[in-house]
Amino acid sequence: MLRFKTLPLTLAFVLFFALPAAAQPFTLNEQFQLPGITNGRVEWGDFDNNGFFDVVLSGEYTNNIDCYSALIPNVHSGIFDIHVGIFDSSYFCAIQSGDVNNDNKIDIAYDGYNVIKSLKITELFINKGNFILHRSDIEILIPMFQCNFNWGDVNNNGYQDILHSGQKQDNDIDYQLYSNDKGVYYGSNIIIQGFLGTRRGDLAFCDMDNNGYIDCTFSGNTPPLLERITKIYKNNGVRFDIFNTVLKDMNITSLDWADYNNDGFLDIVIIGSYVPDGQFLPIRQTSLYTNIEGAYFIENNLTNFISLSEGSVKWGDYDNDGYPDVLMSGWHTMENGINTGITKLYRNNGDETFSEVVTDIKNFVLSTSAWADYDNDDDLDILIAGGVVGAQRYTHLYTNNAEVGNIRPNVLNN
């Protein structure tokens, strides 16, 4: 019979507290100093083609008064240079990068509300190289804010078209699909059947059924009664037709697509606010929907994701195991009814379940985030900006400490 002696209490106490703490997967980059923003957007892109991801961002850094925007060059492996101002600072903005004219230089589409001018703006900036971006004189872009852009080749002509939705200067809600003909934009004749536009939501392109045509997803408030919607529209090459799904109708959303279960079909995660059947008041919600061979979606109820809205959700394979993990932040309502900010990183276990990863990332609200390997060490890092309840705004860069950089990570942009 084995017998064990009990350690003296003082010795046990010393041994317990002498154990090394679990290594944090991400470390705050203290050298990366930027004004904190809310109600804005952060985006990565190699704007000078030097092989390192640069940063572009815009948002609100004092309540409805001052905004900040900048393009920050990544000179070499995370050494960031002086800030380059390229566009009017705005909030409730969207920033999307894409190559308008196929010259292998990343251009920028940008919208938002300019406080100084009291105007909604939509602009396109053409990259001439060496961080020289010229404001395009294209006149068909309709000023809008409070939703999003996305780039995608809708008609498969080899050029990136622009999908844009939001609230116009006269406060009407609308959407625009701009077709790209060899770098020249015009109003598209491709119709999104029955769609009227959204605000206070999100949108994204994706090829959900692998037919070679990119489809589109919208969420937010839609006219005329500002009801919440979350809709997928399938592209048949001539028009977009509504695709019936079980997706909850939501607003103040963020959504992202990725093939989280590696079955060859893109799945969707979304955070936002929705009204359950039989109720009148909205609740915060985080939902993951599994794409079943492009035919229909089912909600994954195994995730135990925290319920969030008014924030950001992004896929990224931070541990390079081939399964996309998910970062999310925003407002959360606790059981006692108190609202608080939350940031969570969930590791994909590879069996359609997820495990929470403990990090030192601040709990952000009204947030925006993006993944990229800014230091070229073959693992994804995190750029995130937002407000902290009872504190202030931050824009933080977190470096990935993983030691498994054996493959080039996938940022999972669609």
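Above this note sits the structure.
For clarity, every value in this text was computed on a predicted model and none was experimentally measured. (Residues numbered from 1 in each chain as written. Predicted model: local features only at pLDDT ≥ 70, side-chain atom pairs only at ≥ 80, totals over all residues. Heavy atoms only, no water.)

**Overview of the layout of surface pockets**
Computed from the structure, the largest pocket encloses a volume of approximately 1,200 Å³. Along its surface, the largest pocket is lined by 49 residues, and R41, Q96, N148, D202 and K314 are the ones closest to its centre. In terms of residue count, strand β2 (residues 38–45) provides more of the lining of the largest pocket than any other element does, 7 residues in total. When grouped by side-chain class, the residues that make up the lining of the largest pocket number 22 nonpolar, 19 polar and 8 charged. (1 Å grid on protein atoms, 1.4 Å probe; cavity = no way out; pocket = protein on both sides within 12 Å on 5 of 7 lines; lining within 4 Å. Points joined across faces, edges and corners; volume = space filled by probe spheres on them. Helix = DSSP H or I, 4+ residues; strand = E, 2+ residues; numbered from the N terminus. Nonpolar A, V, L, I, M, F, W, Y, C, P; charged D, E, K, R; others polar.)

**Structural notes on the pattern of salt bridges**
This structure, assessed with the given rule, holds 10 salt bridges. For R135, the salt bridge identified is with E123, shortest N-O distance 2.7 Å. With R135 in strand β10 (residues 133–135) and E123 in strand β9 (residues 119–127), the pair connects residues that are 12 residues apart, well separated along the chain. On the accessibility criterion, E123 (14% relative accessible area) is buried. Each member of the salt-bridge network shares a partner with another, and the members are D319, D321 and R347. (Salt bridge = Lys/Arg side-chain N within 4 Å of Asp/Glu carboxyl O. Buried < 20%, exposed > 50% of the residue type's maximum accessible area, 1.4 Å probe, protein only.)

**Concerning the environment of D259**
Summarising the element assignment, D259 is placed in the loop between β19 (251–258) and β20 (267–274). Judged by relative accessible area, which is 17%, D259 ranks as buried. Taking the C-alpha atoms as reference points, D259 and W315, separated by 56 residues in sequence, lie 9.5 Å from one another. Apart from residues no more than four positions distant in its own chain, D259 is found in contact with G264, F265, L266, D267 and P324. A polar side-chain atom of D259 sits 3.1 Å from the main-chain amide nitrogen of N262. (Contact = heavy atoms within 4.5 Å. Polar contact = N/O pair within 3.5 Å; in protein donor to acceptor, adjacent residues only side chain to side chain.)

**Notes on a negative patch on the surface**
Together, D263, E293, D351 and E352 make up a region of like negative charge exposed at the surface. In this fold, D351 is placed in the loop between β25 (339–348) and β26 (354–357). Classification of D351 by relative accessible area gives partly exposed; the value is 49%. (Patch = residues over 30% accessible without salt bridge, like charges linked within 9 Å, V, L, I, M, F, W, Y side chains within 5 Å. Areas by Shrake-Rupley, 256 points an atom, 1.4 Å probe, with all protein chains shown as cover. Lys, Arg positive; Asp, Glu negative; His and termini not counted. Charge placed at Lys NZ, Arg CZ, Asp CG, Glu CD.)

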